Amino acid sequence: MQKIIKVADKVLNCIISLFIILALLYSFWGIYDVVSIYSQADSHFTFGLNKGDTSLTEYQAINDDVCAIIEIPNTGIDYPVVQGKTNTEYINKSYDLKDCISGSIFIDCNNSKYFTDFYTLFYGHRMDASAMFGDIARFAEEAFFNNHPVGVLTLPTGEHDVEFFACCRVLANNKNFFDVGYANKNIGKVMKEIEATAVQSRDIVVEEGDRIIALSTCEDATTSGRIILFGVVKGE
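Predicted model, so just to flag it, every value in this text is computed and none were measured.

A. Quick peek at the overall build of the chain. Assigned secondary structure in the chain consists of six helices and nine strands. Counting the 236 residues in the chain, one finds 44% classified as buried. A separation threshold of at least 6 residues defines the contact pool for the chain, and within that pool the share at least 24 residues apart is 59%. Counting only carbon and sulfur atoms, one obtains 56% of the accessible surface of the chain, whose full area is about 13000 Å².

Okay, here's the thing in structure tokens:
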């Protein structure tokens, strides 16, 4: 009887040890997966290219869906911008056409890729460590908003300053912001909605003929919540 108990005890210990090993392996895989995701999110080294030192034409040589570069100094935002045939094409694909959980920064498929619209909507995943559009959510904080008033939008026509004038918290079904066809036909409603939903803002006059960009990402608090940073593109 004691012999049976000892054998059973050994078997039980083996099973427990196996579960511990499997749990450790699962944990290590989880850590590796997270590191891999963020490495992909900040990976601009493909074909020898380095983030911050790469021209628009060099990005376009890799993928002609690249239409711009968006940069906000002293943040993690400095990425090529693509436009897909649909708004899901680049959700899990990098600008260099590789599978990538962090996806790309992209503009709405119904916008003009030449940025001739009054209103152009950008999408980007909210990632930790300031990757992708992770820093957009920080613009809801007064100090961060005040300390980062401008960005740079690089187009085929050159570099254009972007003056940020509002940060809004909204839901993903907000037609004024997420239906770009409607937004471009109802400029007055867009401006009123920005004023009504802004959590941070500064006095910048948006004049007729100006172009607005909206940088959108998810909000942690709710799956349908969105944070949008609005800016005016300066120059022709």
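B. Local environment of helix H6 (residues 187–197). For H6, the complete set of buried residues consists of Val190, Ile194 and Thr197. Viewed end-on, H6 has its buried residues packed into an arc of 85°, placing them on one side of the element. The exposed set on the far side of H6, more than 90 degrees from its buried face, consists of Lys192, Glu195 and Ala196. Close packing links the buried residues of H6 with strand S4 (119–123), strand S6 (158–171), helix H4 (175–178), helix H5 (180–185), strand S7 (198–201) and strand S9 (225–233).

C. Focus on the nonpolar core. Residues Phe122, Leu153, Leu215 and Leu229 are the most contacted members of the largest nonpolar core, which totals 31 residues. The set of elements that each furnish at least two residues to this core consists of strand S1 (66–71), strand S2 (78–82), strand S3 (105–107), helix H3 (142–147), strand S5 (150–155), S6, strand S8 (211–218) and S9. Those residues in contact with phenylalanine 122, other than ones at most four positions away along the chain, are Ile70, Val81, Ile105, Phe106, Ile107, Phe115, Phe133, Leu153, Ile213, Ala214, Leu215 and Ser216. Tyr59, Phe118, Leu121 and Val170 belong to the second largest nonpolar core, which has 27 residues in total.

D. Summary view of the packing of aromatic side chains. Taken as a whole and assessed by the stated rule, the structure comprises seven aromatic pairs. On the basis of an interplanar angle of 85° and a centroid distance of 5.2 Å, the ring pair of tyrosine 59 and tyrosine 95 is categorised as edge-to-face. Placement of the pair is tyrosine 59 in helix H2 (residues 56–62) and tyrosine 95 in the loop between S2 and S3, with a sequence separation of 36 residues. Assessed through its relative accessible area of 5%, tyrosine 95 is described here as buried.

E. Quick peek at the pairing of S2. Buried residues dominate S2, accounting for five of its five residues. Summarising the sheet, S1 and S2 pair through five bridges and their orientation is antiparallel. Pairing of isoleucine 69 across the sheet is with proline 80, part of S2.

F. Local environment of the confidence of the model for the chain. When pLDDT is averaged across the chain, the result is 85; 78% of the residues are at 70 or more. Note that residues 24–41 has pLDDT below 50 and, in this model, 14 contacts with residues that lie over four places away or in other chains. Segment residues 43–48: pLDDT under 50, and 14 contacts once partners within four positions in sequence are set aside and those in other chains are kept.

Conventions used here
Residue positions are given per chain, counted from 1 along the sequence in the order it is written. Predicted model: local features are reported for residues with pLDDT of at least 70 only, side-chain atom pairs are reported and counted for 80 or more only, and whole-chain, interface and lining totals are derived from all residues. Note that water and hydrogens are dropped before the side-chain values are worked out from all heavy atoms of the structure. Each helix is a run of DSSP H or I of at least 4 residues and each strand a run of E of at least 2, with the numbering of both proceeding from the N terminus. Residue exposure (1.4 Å probe, protein chains only): buried if accessible area is under 20% of the type maximum, exposed if over 50%, otherwise partly exposed. Contacts are assigned to residue pairs that have any heavy atoms within 4.5 Å of one another. Each accessible area value is a Shrake-Rupley result obtained with a 1.4 Å probe; residue values ignore everything except the protein chains displayed when judging cover. This arc corresponds to the set of directions leading from the helix axis out to the C-beta atoms. In these notes, a set of buried Ala, Val, Leu, Ile, Met, Phe, Trp, Tyr and Cys residues joined through side-chain atoms within 4.5 Å is what counts as a nonpolar core. Two rings from Phe, Tyr or Trp (for Trp, the six-membered ring) form a pair when their centres sit within 6.5 Å of each other. Planes less than 30 degrees apart are called stacked, planes more than 60 degrees apart edge-to-face, and all others tilted. For two strands to be treated as a pair, DSSP must find at least two bridges joining them. By definition, pLDDT measures how confident the predictor is in each residue, and it falls between 0 and 100.

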